[in-house]
Amino acid sequence: MFDSVKPLAIMFLMLLFGPPLHVQAANCDRIEDAEARACCEQNLPDHSMRQEVRLTVADERGTVSNLAARLYWKKFELRAKARVELTAPARQSGTVVLLTEQESDEEDPLPEPEVVLYKPGERRDRLITVSALSGEMLGTDFSYEDFAHFYGTNADVNIQRLADEQWEGRETFVIQSKPSDPDAAFDRGSTYTHVTTRFDRERCVPLNTRFFEEDDELRKELIADAEEIREVDGRWIPHRLTMHDYAEDSRTILFVDEVDFNADLKRRLFDRSSLKRGR
């Protein structure tokens, strides 16, 4: 079975997906093509969002781990905040992570978020670093580099629109992300040479995202189940997504059980002081 650290790592996975959990495109504003950019942004939340999700992780040995969590996201005056509460398994229930975006400046245009972890058994909260958690995620099908792509924290990338394609019988437009400086990206530990995403032109949902390594080798692939794409408050949302890691012969399935866009989320829900008092 997965050790006690892995559920926390996977929970942080969900947190870093944050508002673009369904659209996988926090880099929308960097797409120069106007049509592709507008479609990329179409299903993003306006001001807030609440979700209930489940994760099933299976490795090459057939070992399975199941998790469930509530996710909250809200845009404030200067920055966005997110909160994740793990609800299953029982031994991890009540663990909470708070994430607060930090203001950028010339020296650090995309600073790492402030992350606070609270575990009921310890009855205290503590600051943690993204790099510490990313190291603990190596046993899952996601890496911090994956999250950086989804969350938009990988600043040094070029994004372009490629030729339109058909995928699984649907018309799609395709965007590709590449490091601006491949050598520098490699020195920082980057493993991908490029990432491509296929968007359903009709519903503006990313159906397929592929992560490539050297020699154009496909390492990972995130696929939205076409039968589980549903309309919620005027937005099209995948309710089942699977990340395949072909090198490790493993996969992670994410189920979205409930979505509430522009939910009425109180400011105190995102305060650090709310952790010990249970909101």
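What counts, and where the lines are drawn
- Residues numbered from 1 in each chain as written.
- Predicted model: local features only at pLDDT ≥ 70, side-chain atom pairs only at ≥ 80, totals over all residues.
- Heavy atoms only, no water.
- Helix = DSSP H or I, 4+ residues; strand = E, 2+ residues; numbered from the N terminus.
- Polar contact = N/O pair within 3.5 Å; in protein donor to acceptor, adjacent residues only side chain to side chain.
- Pairing = 2+ DSSP bridges.
- Buried < 20%, exposed > 50% of the residue type's maximum accessible area, 1.4 Å probe, protein only.
- Disulfide = S-S within 2.5 Å.

A. Summary view of the side chain of Asn-43. Looking at the element boundaries, Asn-43 is found in the loop between helix H2 (34-41) and strand E1 (48-58). For Asn-43, the side chain forms a polar contact with the main-chain oxygen of Arg-203, separated by 3.2 Å.

B. Structural view of the pairing of strand E14 (residues 240-245). When strand E11 (residues 217-224) meets E14, the two strands line up antiparallel, connected through 5 bridges. Within E14, the position partnered with Ala-224 by the bridge is Leu-241. Relative to strand E15 (residues 250-261), E14 runs antiparallel, the two being bridged by 6 bridges. Directly across from Met-243, in E15, lies its bridge partner Thr-252.

C. Structural detail: the environment of Pro-179. Along the chain, Pro-179 turns up in strand E8 (residues 170-179). Of the residues examined, Pro-179 reaches a relative accessible area of 17% and is grouped as buried. Each C-alpha atom, one on Pro-179 and one on His-194, is 7.3 Å from the other, the two residues being 15 residues apart in sequence.

D. How the structure looks around the pairing of E8. In terms of burial, E8 is largely enclosed, as 7 of its 10 residues are buried. As paired elements, strand E7 (residues 157-167) and E8 share 9 bridges and run antiparallel to each other. Residue Asn-158 lies in a different strand from E8, and its bridge partner there is Lys-178. Connecting E7 to the antiparallel partner E8 that follows it, the hairpin turn spans 2 residues, and Glu-168 within it adopts a positive phi of roughly 55°. Sheet topology note: the E8/strand E9 (residues 194-200) ladder contains 6 bridges and is antiparallel. The partner of Val-174 across the bridge, within E9, is Arg-198.

E. Here's a closer look at the state of the cysteines. Inspection of the entire model under this criterion finds 1 disulfide. Two residues, Cys-39 and Cys-204, share a disulfide whose sulfurs are 1.9 Å apart. Around the S-S axis, the bridge from Cys-39 to Cys-204 shows a dihedral of about -115° and counts as left-handed. Of this pair, Cys-39 sits in helix H2 while Cys-204 is found in the loop between E9 and strand E10 (206-213), placing the two residues 165 residues apart along the sequence. Here Cys-204 falls in the buried class, since its relative accessible area comes to 5%.

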